Amino acid sequence: MTTGTGTKAEAGEATETARRAEGAAHPRFAEALARLGLGDVEVVRFPDSTRTAAEAAAAVGCDVSEIVKSLVFAADGEPVLVLMDGSSRVDTERVRRELGAAAVTRADAALVRETTGYAIGGVPPFGHRTRTRVLADHALLAHPVVWAAAGTPNTVFAMESGALVAHAGATVVDVRERAA
């Protein structure tokens, strides 16, 4: 497995090894793919964690900004999913304004699992336990293809960014934290 110091060639070799793994997708996510007619989407399982954007990028061999972070927040107590590129942070004040909420806070692990059916670090952009409002930061669309979690902390899948946003039912917004 490659680390942040590995080459893209090494990451490609690791990806080929991982592709041979069996039963990659979380069952709920596999059902969502089938329901959406996306049975040809390849889910890749890695022997090591892809829980963080940096770990996923190193495993896949892509730039960290090509990783999709699926983050759950609570807006006035209601869960909302924010899809963000792996190199950026969510500005909760921008999310609050976008939603017209009084307050937006990061969801705890229990709310994430209750809302999505997945543990933090493995939340995919769609295929959740409950229907949740989804916001996607516009920076995701800067990449032709992005990688996202497939329901577990060591599985990912690639998809055209516009298709991913559409399948997630996301509203495209600008909620990235700005550099000082």
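Residues numbered from 1 in each chain as written. Predicted model: local features only at pLDDT ≥ 70, side-chain atom pairs only at ≥ 80, totals over all residues. Heavy atoms only, no water.

Asker: What is the right way to look at the overall build of the protein in this model?
Answerer: Within the protein, the regular secondary structure consists of six helices and eight strands. The secondary structure elements of the protein, listed N-terminal to C-terminal, are α-α-β-α-β-β-α-β-α-β-β-β-α-β. A sequence separation of at least 24 residues applies to 64% of the contacts in the protein between residues at least 6 apart. Surface exposure of the protein reaches about 8700 Å², of which carbon and sulfur atoms provide 50%. (Helix = DSSP H or I, 4+ residues; strand = E, 2+ residues; numbered from the N terminus. Contact = heavy atoms within 4.5 Å. Areas by Shrake-Rupley, 256 points an atom, 1.4 Å probe, with all protein chains shown as cover.)

Asker: I would appreciate a short explanation of the environment of valine 175 in the present structure.
Answerer: Within the secondary structure, valine 175 sits in the segment after β8 (171-173). The sequence separation of valine 175 and aspartate 137 amounts to 38 residues, and the corresponding C-alpha distance is 5.8 Å. Ignoring sequence-local partners within four residues, the contact set of valine 175 consists of Val82, Met84, Arg89, Val90, Asp91, Arg94, Val95 and Asp137.

Asker: I tried to follow the packing of aromatic side chains on my own but got confused; where do I start?
Answerer: By convention here, two paired aromatic rings are described through the distance between centres and the angle between planes. In the structure shown here, the tally under the stated rule is three aromatic pairs. When the ring of phenylalanine 29 is compared with that of phenylalanine 126, the centres are 5.4 Å apart and the planes differ by 40 degrees; the resulting orientation is tilted. Highlighted residues: phenylalanine 29 in helix α2 (residues 27-35) and phenylalanine 126 in the loop between α5 (109-116) and β5 (133-137), separated in sequence by 97 residues. Accessibility assignment for this pair places phenylalanine 29 and phenylalanine 126 in one class, buried. (Phe/Tyr/Trp six-rings, centres within 6.5 Å; stacked < 30°, edge-to-face > 60°. Buried < 20%, exposed > 50% of the residue type's maximum accessible area, 1.4 Å probe, protein only.)

Asker: Can you walk me through the environment of valine 60 in this structure?
Answerer: Position of valine 60 among the secondary structure elements: in helix α3 (residues 53-60). Residues valine 60 and alanine 158, 98 residues apart in the sequence, show an inter-C-alpha distance of 9.6 Å.

Asker: Whenever I open this one, the pattern of salt bridges confuses me. Can you help?
Answerer: If charged atoms from side chains of opposite charge come close, those side chains can pair. Applying the stated criterion to the full structure yields seven salt bridges. Among the salt bridges present, the one from glutamate 93 reaches arginine 97, with a minimum N-O distance of 3.5 Å. One end of the pair, glutamate 93, and the other, arginine 97, are both in helix α4 (residues 92-99), four residues apart, so they sit about a helical turn from each other. Each of Asp91, Arg94, Asp174 and Arg178 takes part in salt bridges that share partners, so that together they form one network. (Salt bridge = Lys/Arg side-chain N within 4 Å of Asp/Glu carboxyl O.)

Asker: Looking at this structure, how should I read unusual backbone geometry?
Answerer: With phi around 50 degrees, aspartate 76 is a residue other than glycine that occupies positive phi space. Residue placement: aspartate 76 occurs in the loop between β2 (67-75) and β3 (78-85). Looking at aspartate 76, the relative accessible area reads 46%, which means it is partly exposed.

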